[in-house]
Amino acid sequence: ADFKFKRFFRLLAFDHDLLSFVDVTLGTFPIVLVTNPKDARFLSSQEPLSRIAFSTHIRCLVFSDVRVVSVTFSLDGREVKDMHQAPGEDRLFVAPWNPHDVGSGLHKIEVVAQDAK
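Procedures and definitions
- Residues numbered from 1 in each chain as written.
- Predicted model: local features only at pLDDT ≥ 70, side-chain atom pairs only at ≥ 80, totals over all residues.
- Heavy atoms only, no water.
- Pairing = 2+ DSSP bridges.
- Helix = DSSP H or I, 4+ residues; strand = E, 2+ residues; numbered from the N terminus.
- Axes fitted to C-alpha atoms, helices over the stretch in contact; angles between N-to-C directions.
- Core = buried A, V, L, I, M, F, W, Y, C linked by side-chain atoms within 4.5 Å.
- Buried < 20%, exposed > 50% of the residue type's maximum accessible area, 1.4 Å probe, protein only.
- Contact = heavy atoms within 4.5 Å.
- 1 Å grid on protein atoms, 1.4 Å probe; cavity = no way out; pocket = protein on both sides within 12 Å on 5 of 7 lines; lining within 4 Å.
- Points joined across faces, edges and corners; volume = space filled by probe spheres on them.
- Nonpolar A, V, L, I, M, F, W, Y, C, P; charged D, E, K, R; others polar.

Visitor: Explain the sheet that holds strand β5 (residues 68–75) residue by residue, including any values.
Guide: Reading across the sheet, the 6 strands line up as β3-β4-β7-β6-β5-β8 and stay open at both edges, with antiparallel pairing between neighbours. The open sheet has two free edges, formed respectively by β3 (31–36) and β8 (109–115), since each of these has just one partner strand. Averaged over neighbouring strand pairs, the angle between their axes works out to 30 degrees when direction is ignored. Pairing of strand β4 (residues 57–63) with strand β7 (residues 92–96) involves 5 bridges; the strand directions are antiparallel. The partner of Arg59 across the bridge, within β7, is Val94.

Visitor: Lay out the nonpolar core in plain terms, naming residues and giving numbers.
Guide: In terms of nonpolar packing, the biggest core is built from 13 residues, with Cys60, Val62, Val71, Phe73, Met83, Phe93 and Val111 touching the most fellow members. In this structure Val71 touches Cys60, Val62, Lys81, Asp82, Met83, Phe93, Val111, Val112 and Ala113, once residues within four positions along its chain are discounted. Core analysis: the next-biggest nonpolar cluster, separate from the first, contains 9 residues, Ile31, Leu61, Ala86 and Val94 among them.

Visitor: Could you give an account of the layout of surface pockets, with specific residues and numbers?
Guide: Unoccupied space between atoms shows up once a probe the size of one water molecule is rolled over them. The calculated volume of the largest pocket comes to roughly 930 Å³. Around the largest pocket sit 32 residues that line it, and Pro37, Lys38, Asp39, Ala40 and His107 are the ones nearest its centre. Elements supplying a minimum of two residues to the lining of the largest pocket: β2 (18–25), β3 and β8. If one sorts the elements of the lining of the largest pocket by residue count, β2 sits on top with 5 residues. Tallied by class, residues from the lining of the largest pocket come to 20 nonpolar, 6 polar and 6 charged. Taken as a whole, the second largest pocket encloses approximately 300 Å³ of empty space. In terms of lining residues, the second largest pocket is bounded by 14 residues, among which Phe73, Leu75, Lys81, Trp97 and Val102 are the most central. Counting only elements with at least two residues in the lining of the second largest pocket, the list comes to β5, β6 (80–85) and β7. Per-element tally for the lining of the second largest pocket: the top contributor is β5, with 3 residues.

Visitor: Tell me about the pairing of β7, and name the residues and values.
Guide: Judged by how many residues are buried, β7 sits mostly within the fold: 4 of 5 residues are covered. With 2 bridges joining them, β6 and β7 adopt antiparallel strand pairing. Counterpart to His84 in the pairing with β7 is Val94. Count of turn residues in the β6/β7 antiparallel hairpin: 6 residues, of which Gly88 carries a positive phi of about 75 degrees.

Visitor: Go over the environment of Val112 with me, naming the residues and quoting the values.
Guide: Checked against the element boundaries, Val112 lands in strand β8. Using a relative accessible area of 39% as the deciding quantity, one classes Val112 as partly exposed. Separated by 57 residues in the primary sequence, Val112 and Ser55 have C-alpha atoms spaced 21 Å apart. Apart from the residues within four sequence positions on either side, Val112 is in contact with Ser70, Val71 and Thr72.

Below is the structure:
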């Protein structure tokens, strides 16, 4: 990320000892950071990757300067499903999933957040 010239910053989060990040342009909202499952482009043998196979929820952090109205996800471009705010958490949104139902190989998760703007 390049804050000085392009006004980019990097948002990082740890979720069950797995590091996720997203590069963001300053002032762009909403910001979505998927924390589970971890983005395959950034897998590291130094992390406990086996935890992904036993996870029970897709998780993401959503940041906005106004109220978040909805968060949805789709897997491999199929059915769009709602994500719900985790109890007691302002920014954490979750949806149940079973990683064994998706099969092996690479898959694409798309998360869309809409805020009140």
